[in-house]
Amino acid sequence: FNFIKAGRDIPFVSVRVSNNASTPKHYSTSLNVKQIPEILSAIRKAWASIYSPYSILYRRANNSPFPRAAILIQEMVNSSKSGDLFSINPITGNKDQIVIQGRWGLSLKSSPGASIFICDKHSAQIIESYESKPTKYYTKDPQDGTTALRTLEEEFKNIPVLGQKELELLVKIAKDIENRVGFPVNIEWVIEKRKFHLIQVRPTSNLFKRKIF
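Quick notes on the rules
- Residues numbered from 1 in each chain as written.
- Predicted model: local features only at pLDDT ≥ 70, side-chain atom pairs only at ≥ 80, totals over all residues.
- Heavy atoms only, no water.
- Helix = DSSP H or I, 4+ residues; strand = E, 2+ residues; numbered from the N terminus.
- Buried < 20%, exposed > 50% of the residue type's maximum accessible area, 1.4 Å probe, protein only.
- Contact = heavy atoms within 4.5 Å.
- Patch = residues over 30% accessible without salt bridge, like charges linked within 9 Å, V, L, I, M, F, W, Y side chains within 5 Å.
- Areas by Shrake-Rupley, 256 points an atom, 1.4 Å probe, with all protein chains shown as cover.
- Salt bridge = Lys/Arg side-chain N within 4 Å of Asp/Glu carboxyl O.
- Pairing = 2+ DSSP bridges.
- Axes fitted to C-alpha atoms, helices over the stretch in contact; angles between N-to-C directions.

Caption draft 1: Quick peek at the environment of isoleucine 100. Here isoleucine 100 shows up in strand 5 (residues 97-104). We classify isoleucine 100 as buried; its relative accessible area is 0%. A C-alpha to C-alpha distance of 9.5 Å links isoleucine 100 and serine 129, two positions 29 residues apart in sequence. Beyond its immediate chain neighbours, meaning those up to four positions away, isoleucine 100 contacts Asp84, Leu85, Ser115, Ile116, Phe117, Cys119, Leu162, Leu167, Leu170, Val171 and Trp189.

Here it is in structure tokens:
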């Protein structure tokens, strides 16, 4: 409420589905929403995505329960970098590894592929990395506030999206939250003006523990 009271302009918000477990990103997320009619429409889309054919098929295929979902309306963060992480390796189940995904700009379903870093939970050193070389990224258009696809500046094309210091801080955050809640977590994070924001924290579901096919 503070950011609403402090500003004279109507704030930009994001509207997303918050689930009780980490699942593939097939729920509707609306970014840079401003006016009340747009927010109401985004809420309807978010609820409807829970009942989409893909969501129903996913739950039937994985014998997953109906989600205990809520709709989050959050202050919009115009991130320069974003991504998510698992405080446990979701593929191997290794509790001593943290898997971090990062990309330039905002994270959307249609965003260019993320770079993946597998880090040691204790030392934060990179064990494996899979670097993505995107040429585009999503950001907020400064003129009208809409989400726009932009060409990545040349100075950023040949450098890792996350440096060692940022990886170390993300590992520290993941360990701290995991220790507080007592179970492995899936965290959505963003960086805006060199400051980390946690967008969502959920339990890491057991869907990856089955055989990978």
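There is more to say, and it comes next.
Caption draft 2: Quick look at a nonpolar patch on the surface. A surface patch of nonpolar side chains, amounting to about 320 Å² of accessible area, comprises Tyr51, Ile56 and Phe66. Mapped onto the fold, phenylalanine 66 is located in the loop between helix 3 (53-62) and strand 3 (70-75).

Caption draft 3: Broad picture of the sheet that holds strand 4 (residues 81-86). Ordered by their spatial adjacency, six strands build an open sheet running 7-6-5-4-10-11, and the pairing between neighbours is antiparallel. The open sheet has two edge strands, strand 7 (126-130) and strand 11 (195-203), and neither has a second partner. Within the sheet, the average angular offset between the axes of one strand and its neighbour, ignoring direction, is 20 degrees. Both strand 4 and strand 10 (residues 185-192) contribute to a ladder of six bridges, which runs antiparallel.

Caption draft 4: A look at the pattern of salt bridges. Overall, the coordinates contain seven salt bridges when judged by the stated rule. As a salt-bridge pair, glutamate 188 and arginine 16 come within 3.0 Å of each other at their nearest N and O atoms. Here glutamate 188, found in strand 10, pairs with arginine 16, found in strand 1 (residues 13-18); they are 172 residues apart in sequence, far enough to count as distant. Comparing glutamate 188 with arginine 16 shows no difference in burial state: the two are buried. Residues aspartate 176 and arginine 180 are paired through a salt bridge, measuring 3.0 Å at the closest nitrogen-oxygen approach. Of this pair, aspartate 176 and arginine 180 both sit in helix 5 (residues 164-181), four residues apart, roughly one helical turn.

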